[in-house]
Amino acid sequence: MKTRRDFIKISALGIGGTVALGGASWVLGGPMANLLGLPDETAELKRFPTYCEVCFWKCAGWAYVKPDGGIQKIIGNADDPQCNGRLCPRGTGGVGMYSDPDRLKKPLIRVIKDGTQSYREASWDEALDYVSKKMQEIATKHGPESIALFNHGSSGHYFTHLLNAFGTNNIAAPSFAQCRGPRDTGFEATFGESVGSPEATDIRDTRCLVLIGSHIGENMHNGQVQEMSDAIDKGAVIITVDPRLSTAASKSKYWLPIKPSTDIALLLSWIHVLLYDELYNKEYVEKYAEGLNELKEHVKDYTPEWAYGITTIKPELIRLTAREMANAAPSAMIHPGRHTTWYGDDVQRSRAIAILNALLGSWGNRGGIFFKEGIKLPDFPHPEFPKPAWSWQDTLNGRYPLAKEAVTNTIIEASIPETGKEHLIKGWIISGTNLVVSVPLKEQLMKAIHSLDLLVVVDTMPMEITGYADVVLPECTYLERYDDIRASAHREPTLALRMPAVAPMHETKPAWWIAKQIGERLGLAAYFNYKDYEEVLEWQLNQIGQSLDELKKVGIKRLPRTKGPLYIEPGSDYTFKTASGKIQLYSKEFADAGFDAMPTYQPHAEPQEGFYRLIYGRAPMHTFSRTANNPNLVALMPENAIWVNPEVANIWGIKKNQYVWLKNQDGVVSNFPVKVRLTERIRWDSVYIVHGFGHHHKPLHLAYGRGANDTELVTNVVIDPIMGGTGMRGNFVTFLKDDPKKEVES
Amino acid sequence: MRYAMAIDTRKCVGCSDCVVACQTENNVPIGFCRDWVSETVDGTYPNVSIELRSERCNHCDNSPCVRCCPTGASHIEDGGIVLVTQHRCIGCGACIQACPYEARYSHPDGYVDKCTFCIHRVRKGENPACVSVCPTKCMYFGDLDDPNSDIVNVLKNRKFKSLAPEAGTQPQIFYLV
């Protein structure tokens, strides 16, 4: 009999292979016993409100519980404007986060037995005692500031609260220096504020959407994907700049297949065209912006002809696309992007994007960037936090003057005795971030890890980082716990509830409980003056005239705007949140700090012969490295593949679906071989890979050894001097067709 | 009454949400699927285009799977939905061979399984799970005999195609191009 097709044909083209990931009897049980084998309609499933934690868009939904326990399905909440009742594949596949048999189950403590290190299971009491005792010891010796937190996601708040109460604010998240930091810094310098998350981008009503390296559709931030689809329906012009034919590029009227690392040249030439062809929004710029003359002088020579030689984008196409933007303005937007740490001059690229938006008049106009509004919930009452003697700002050592959030890499640096010096960090708590895959410069990270007196990891899965922990604390998944109310700002304020749909599996516990337990052991009970988190939520909601009981019934509540309209009202004035109240086309703040007041183009490193620029990105069914073991999502995409142009493959004699190892410019070889995807969608000078695969931790049974880990190949990092972002796109790889480890043995 | 589906290839991003939603709605065992996503790439860099399609059983009017079924397990329900009655299916696999769309698979429990258009939801007036979950709203489901249905409206106003029309199966999944 013919075998079943490759599981998903997109995978068949991309990475191929038959997917047979073991039986699934533990997932959903046998088929329902009616004649057609249809789901049993008579079984009324109970449902509980939640908001998703598989990525950080936090869509509100309903978790449906099977009559015999366990999660049947998760469906979006129709009232949530962030998802409109439609979760993305990761949200729908969130069931796999709960049912994953590889989940962490019990607290673990590192022990040395017969000279080898291993973990032993411990009771919660023992594990928590251990953590708090170690924290006390470190605080006594070095001060409480010597404890740092790395976090991502909902659980981070509880440990942030714990550490603030303990007396430290050395709290960092990769979401700043490894992701959106440059964007936020560039937009703040220009408009006085950034676009937040979810972004205040009015995609659904735009007439012209410009994407620069933003691959919406592969980057599955739900609301944006939905709105891009709406924009397509309404006939918006989409212009996509990408060295790869991304999904978004394939749906665009104009695809500009730019030479990688030259984006600023294109942006400057667009600014040039808008100004010198007098296409910019004169009324808006005159009313709201400062520095037009300086900008005009600055971009005088940045003509499309100049940019052509750098970007390989034809001058007429640069002019045409600038005109398309101007025709649509102010209902036009250059999307600010999100993961923007590329080449080390990323704040300036974000500045150029912000300036273009300003010239079109998009900030504050329909189809541009709207004024978001949220509602703030008061903190549950607690004593004032002690003031730390020093903080993360001190770890900057005078660098990165415009970093408004902690920089992960300087906290890591401060944890190494040679570089930490008077501000030495000795203990880490890591919550919800697999630091070894999310932060580059592995050598530095390993040095720090090996210098610590305490490393605690709180996670739901045995991610690589758990392998370095002294104590592993197993957290329950979002489907098994209460968490803070989601009160994210967007077109209208909303409140969304996450409550447990099922009891925590194994001996897992919610993060709020873990933080409270450690706090009480540290004598900080006054900061955790509640029985459980339900009490906190109830109190918070009552303060703003809402009730927990109601949210339990509806899951999400939309509240009316009270702080003014969504856009600038015609005839009214608007004061931007910059120092002068005006948009800064010329940034005095940057000039005063010793940086270029307006963006300039600097060439970046090029690949040597036989090497290709390593571009990484996202797949719609995975979130970073955190979903690589989720059974439902692994079934959709079990491994990543390296995208190679067929002409390049021809030179190398590489065949479709062949496995190769990747070696970077510093001689670092990927841990595992990766499948080749031959595709015309990628340039000849670049290769592309989806981030988050190539796990080397064996307890991740589905993820182990599948694909290549791009982070380990990112050894050349160009730090953005303005805010400390780690530019990671200056790495080049070549192909090894034979197992490099074998060569060494023979 | 004639149920059918139209899928807008201009909007589909190939995210496979339809696949995982089908799985959790219909208890499809992991490792198998009733719907899937295909990608077709045309041209050479940089003059290249792609088409993404969410695919499944075409619920054909002239269905070879029903014709070849020796036990009558494969049959056509009201509204043209092609179904397999599990307890009548002997798992011979003839229908799998006959289907030009490779839309059927052998369930580990010994019968042949495929898309049901979520008939259990449709009977309650809901859309199939894949349609209702799709973040891009690229899928339209409805009754071709109802002139006011979304699907009739969209097929009237847009160019569309079906897959493997040469097989003569009269498929009822339409791709808007």
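Analysis parameters
- Residues numbered from 1 in each chain as written.
- Chains lettered and ligands numbered in written order.
- Predicted model: local features only at pLDDT ≥ 70, side-chain atom pairs only at ≥ 80, totals over all residues.
- Axes fitted to C-alpha atoms, helices over the stretch in contact; angles between N-to-C directions.
- Helix = DSSP H or I, 4+ residues; strand = E, 2+ residues; numbered from the N terminus.
- Parallel < 35°, antiparallel > 145°, perpendicular 65-115°, else oblique.
- Left-handed = near helix turned anticlockwise from the far one by under 90°.
- Contact = placed C-beta atoms within 7 Å.
- Nonpolar A, V, L, I, M, F, W, Y, C, P; charged D, E, K, R; others polar.
- Domains from an automatic or database assignment.
- Pairing = 2+ DSSP bridges.
- Buried ≥ 20, exposed ≤ 12 C-beta atoms within 10 Å, placed from the backbone.
- Core = buried A, V, L, I, M, F, W, Y, C linked by C-beta atoms within 7 Å.

Undergrad: Give a detailed account of the packing of helix 7 (residues 174-191) of chain A against helix 15 (residues 346-360) of chain A, specifying residues and quantitative values.
TA: Residue and element names in this part refer to chain A. Here helix 7 crosses helix 15 at 45°, and the two axes come no closer than 7 Å. One finds that helix 7 runs oblique with respect to helix 15. The crossing of helix 7 and helix 15 is right-handed. Contacts between helix 7 and helix 15 involve P182, R183, T185, G186, F187, A189, T190 and F191 from the first element and D346, V347, S350, R351, A354, I355 and A358 from the second. Residue classes in the contact of helix 7 with helix 15 are distributed as 8 nonpolar, 4 polar and 3 charged.

Undergrad: An account of the domain arrangement of chain A is requested, with residue identities and associated values reported.
TA: Along its sequence, chain A is organised into domain 1 (201-368 + 568-592) and domain 2 (612-745). At the junction of the two partners, domain 1 of chain A supplies 18 residues and domain 2 of chain A supplies 22 residues.

Undergrad: Give a description of the sheet that holds strand 3 (residues 71-76) of chain A that names residues and reports values.
TA: Residues and elements named next belong to chain A. Here 3 strands make up an open sheet; going across it, the order is 1-2-3 and the pairing antiparallel. Looking along the sheet, the strands with just one partner apiece sit at the ends: strand 1 (46-51) and strand 3. In this sheet, adjacent strand axes meet at a mean angle of 25° when their direction is disregarded. By the bridge criterion, 5 bridges tie strand 2 (residues 60-65) to strand 3 in an arrangement that is antiparallel. Along strand 3, the bridge assignment pairs V65 with I71.

Undergrad: Explain the sheet that holds strand 1 (residues 3-8) of chain B residue by residue, including any values.
TA: Residue and element names in this part refer to chain B. An order of 8-1-10-9 is seen for the 4 strands of this open sheet, with the pairing classed as mixed. Pairing within the sheet leaves two strands with one partner each, and these edge strands are strand 8 (139-143) and strand 9 (160-161). Where strand 1 and strand 8 come together, 5 bridges link them in antiparallel fashion. Bridge pairing links M5 to F141 in strand 8. Lying over the sheet, helix 6 (residues 150-157) contacts strand 1, strand 8, strand 9 and strand 10 (173-176), oriented at roughly 115° with respect to strand 8.

Undergrad: How would you summarise unusual backbone geometry if you had to cite specific residues and measurements?
TA: With an omega of 5°, the peptide bond between A329(A) and P330(A) qualifies as cis. Going from Y45(B) to P46(B), the amide bond is cis rather than trans, its omega being 0°. Relative to the helices and strands, P46(B) is located in the loop between strand 2 (36-44) and strand 3 (47-55). One non-glycine residue, N397(A), lies in the positive phi region at around 50°. You can see N397(A) is positioned in the loop between helix 16 (392-395) and helix 17 (408-413). Looking at N397(A), the number of C-beta atoms within 10 Å reads 13, which means it is partly exposed.

Undergrad: An account of the nonpolar core is needed here, citing residue identities and associated values.
TA: All names here are of chain A. Counting residues in each nonpolar core, the largest one holds 272 residues, and the members touching the most others are L209, L268, I271, L356, V456, I642 and V687. Split by domain, the residues of this core number at least three in each of domain 1 (201-368 + 568-592) and domain 2 (612-745). Other than its neighbours up to four places away in sequence, L209 contacts I203, M228, A231, A236, I238, M333 and H335.

Undergrad: Could you give an account of the environment of Y288(A), with specific residues and numbers?
TA: Residue and element names in this part refer to chain A. Residue placement: Y288 occurs in helix 11 (residues 282-288). Y288 gets classed as buried once you count the C-beta atoms within 10 Å, which come to 21. In this structure the C-alpha to C-alpha distance between Y288 and Q584, which are 296 residues apart in sequence, comes to 9.0 Å. Not counting residues up to four positions away in its chain, the partners in contact with Y288 are Y574, F576, K582 and I583.

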